[in-house]
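Next come the chains, spelled out residue by residue.
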Amino acid sequence: MTSSALPVVALSKAGPSVAVQGLGCMGMSEFYGEADPARSRDTLAAALEAGVTLFDTADMYGRGANEEFLAPFVARHRDRVVLATKFGIVRNDDPAHRAFRGDAEYVRQSAEASLRRLGVDVIDLYYMHRRDPRVPIEETVGAMAELVTAGKVRHLGLSEVSAEELRAAAAVHPIAAVQSEWSLFSRDIETEVVPSAVALGVGIVPYSPLGRGFLTGAFQESALAADDIRRVWPRFSGDNADHNRTLLAPLRDIAEGRGITMAQVALAWVQQRADVHGLPVVPIPGTRSPRRLAENLAAVGVVLTDDELARLEPIAGKVAGARYPVGHRSGR
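For clarity, every value in this text was computed on a predicted model and none was experimentally measured. (Residues numbered from 1 in each chain as written. Predicted model: local features only at pLDDT ≥ 70, side-chain atom pairs only at ≥ 80, totals over all residues. Heavy atoms only, no water.)

Student: Explain the side chain of Asn296 to me, please; I cannot follow it from the model alone.
Tutor: For Asn296, the location among the structural elements is in helix H11 (residues 290–298). You can call Asn296 buried: its relative accessible area is 5%. Ignoring sequence-local partners within four residues, the contact set of Asn296 consists of Gln21, Leu210, Leu267, Pro285 and Thr287. (Helix = DSSP H or I, 4+ residues; strand = E, 2+ residues; numbered from the N terminus. Buried < 20%, exposed > 50% of the residue type's maximum accessible area, 1.4 Å probe, protein only. Contact = heavy atoms within 4.5 Å.)

Student: I keep staring at the sheet that holds strand S8 (residues 123–128) and nothing clicks. Help me out?
Tutor: Note on sheets: strands pair through backbone hydrogen bonds, and any given pair is parallel or antiparallel. Strand order in this open sheet of seven strands is S3-S4-S5-S8-S9-S10-S11, and the pairing throughout is parallel. Both edges of this open sheet fall to strand S3 (23–24) and strand S11 (203–207), since each of them pairs with a single strand only. Note that S3 and strand S4 (residues 54–56) share two bridges and pair parallel. Looking at the pairing, Leu23 lines up with Phe55 of S4. (Pairing = 2+ DSSP bridges.)

Student: What is the right way to read the environment of Thr43 from this model?
Tutor: Topologically, Thr43 is positioned in helix H1 (residues 37–50). Considered as a pair, Thr43 and Ser289 are 246 residues apart in the sequence and their alpha carbons are 5.7 Å apart.

Student: What is the right way to read the pattern of salt bridges from this model?
Tutor: Opposite charge on two side chains allows them to pair when their charged atoms are near. For the coordinates displayed, the defined rule picks out 17 salt bridges. Residue Arg117 pairs with Glu67 through a salt bridge whose shortest N-O separation is 2.7 Å. Placement of Arg117 in helix H3 (residues 104–118) and of Glu67 in helix H2 (residues 65–76) is noted, with a sequence separation of 50 residues between them. For Arg245, the salt bridge is made with Asp242, and the minimal N-O distance between the two is 3.1 Å. Linking Arg245 with Asp242, this pair stays in helix H7 (residues 238–246), spanning three residues, or about one helical turn. Since its relative accessible area comes to 26%, Arg245 is described here as partly exposed. Because the salt bridges share partners, they merge into one network encompassing Arg78, Asp124 and Arg154. (Salt bridge = Lys/Arg side-chain N within 4 Å of Asp/Glu carboxyl O.)

Student: Just to check I follow, could you spell out the pairing of strand S5 (residues 82–87) for this structure?
Tutor: Each regular strand displays side chains that alternate between the two surfaces of the sheet. Within S5, six of the six residues are buried, which leaves the element mostly enclosed by the surrounding structure. Sheet analysis places S4 next to S5, joined by three bridges and oriented parallel. Opposite Asp56, over in S5, you have Ala84 as the bridge partner. Regarding topology, H2 serves as the crossover connection from S4 to the parallel S5, and that connection is right-handed. Note: S5 against S8, four bridges, orientation parallel. Residue pairing in the sheet places Thr85 in a bridge with Tyr126 of S8. (Right-handed = clockwise from strand over helix to strand, strands pointing away.)

Student: What is the right way to read the packing of H2 against H3 from this model?
Tutor: Each pair of packed helices gets described by two things: the angle between the helix axes and the distance between those axes. Look at H2 against H3: their axes get within 7 Å of each other, and the N-to-C directions meet at 45 degrees. Judged on the interaxial angle alone, H3 and H2 are oblique. Two secondary-structure elements touch here, H2 through Glu67, Glu68, Leu70 and Ala71 and H3 through Ser114, Arg117 and Leu118. Along the lines of polarity and charge, the residues of the contact of H2 with H3 split into three nonpolar, one polar and three charged. (Axes fitted to C-alpha atoms, helices over the stretch in contact; angles between N-to-C directions. Parallel < 35°, antiparallel > 145°, perpendicular 65-115°, else oblique. Nonpolar A, V, L, I, M, F, W, Y, C, P; charged D, E, K, R; others polar.)

Student: Please clarify how the pairing of S11 should be interpreted in this entry.
Tutor: Burial of S11 is extensive: five of the five residues sit out of reach of the surface. Burial along S11 is two-sided: the residues Gly203, Val205 and Tyr207 and Ile204 and Pro206 are all buried.

Student: What am I meant to see in unusual backbone geometry here?
Tutor: Trans is the common state for peptide bonds, and a negative phi is the common state for residues other than glycine. Residues other than glycine seldom take positive phi values, yet Ser208 does so here, at roughly 50 degrees. If you trace the backbone, Ser208 turns up in the loop between S11 and H7. For Ser208, a relative accessible area of 14% puts it in the buried group. Phi is positive for Arg212, which is not a glycine, with a value near 55 degrees.

Student: Just checking my understanding: could you explain the packing of aromatic side chains for this structure?
Tutor: Evaluated as defined, the whole model comprises three aromatic pairs. Pairing Phe87 with Tyr126 gives two aromatic rings, centres 5.1 Å apart and planes at 35 degrees, and the pair type is tilted. Within this pair, whereas Phe87 is found in strand S5, its partner Tyr126 is found in strand S8, the two being separated by 39 residues in sequence. Aromatic side chains Phe185 and Phe214 sit 5.5 Å apart centroid to centroid with 45 degrees between the ring planes, which places their arrangement in the tilted category. With Phe185 in the loop between strand S10 (177–181) and helix H6 (193–200) and Phe214 in the loop between S11 and H7, this residue pair connects regions lying 29 residues apart in the sequence. The exposure classification of Phe185 matches that of Phe214, with both residues buried. The lysine or arginine in question, Arg273, covers the ring of Trp269, its NZ or CZ lying 4.0 Å from the ring centre. (Phe/Tyr/Trp six-rings, centres within 6.5 Å; stacked < 30°, edge-to-face > 60°. Lys NZ or Arg CZ within 6 Å of the ring centre and 35° of its normal.)

Encoded structure:
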C-alpha cells in the first residue's frame, strides 16, 4: 500500500490533518510481552511508507522508554510525522503502581521531559492522559495552553474524559481530539462524550479498536506472556473470556463471507462511526508487526453494509467483565 491509498481527514476544526488510521506504539515497549526492537522499527517504517501520519505514544509507556525508542524514527521523518504523546499517569518501580497528576507545574515538567526524550522542539498533539481528580481541569488545560503559547505544543487533546470534562476543557482552550477506548466491545463514550465532541467540533481517536486483540478471534489466555497486562483485566480470563468468545460469531461470519479477517471487520466498524455520528474518527490500532499493520490498513477500504452493521450492533451490550480491574483507571 502506498501513501496515496490512505485518505486524510482534519482531526478536528482545532487539530491537524492526519491519515484516517494512525499507529499506537505502546506495545513496542511494554505491556504485551517482550517486543523485538528491530521488528518494531520495521513496523514504523512500513507505516510511514503506507501513508500513516499519526504516531501515538505516552510518557508512561515503558516509563519514557517508548518516547526514546521513537526519537530516531521521528528525527529522520519529522516533516511526515504527526507526533502525539501524553502526560498525567505517574509510575514508580512497582509495575502495578498508578497515580495521577495534573497540576500546572507537573504539566510543564512532563512536557519538557517528553520533548527531551523525543528529541523534538514541539509536540504536535499533547494529551492529558488521565484527569487528576484533585486538580480542576481548567488548571490542567490552562497549563497545557501555555505550552501552545510558548510554541512547545501545537494542539491539545484529552484522554478518557467525561462529556462535562470535555466541555470545561474546551472553554479554556480548543481541544483537537479526545482519545478513548472505542470498539465493538467498548461503546461507553457514545452516550455523552461523542455528542459533546460533535457539538464542539472535536475528533475522536479510538484506542484499542480491536478490543486489545480479542476481536481478532486469535486471543488465547494461555498464550499470554507472564508480564502481559491482559492477565489482570476481567474480560480476558476465565468464564468471562469463554463467554466473550461466543460474541464473535457475527464477526467471523461476516469476515468469512467477505474473504477478509475479523480484525478488518472490527476496524471497519470503528471507522464507520465517523459517518454514523458525523465527526472525525481516527483509530490507532497498536501493532509491532508489519504483517498486522498491512492487515489493519487494508480495513480502511472496507465498508460494512447496513445488514452487517445490524448484526454487529448487539455485541457490546453482552460483553462480560469490566474494562479494567476495580480501582484501576490507567489501563494503558
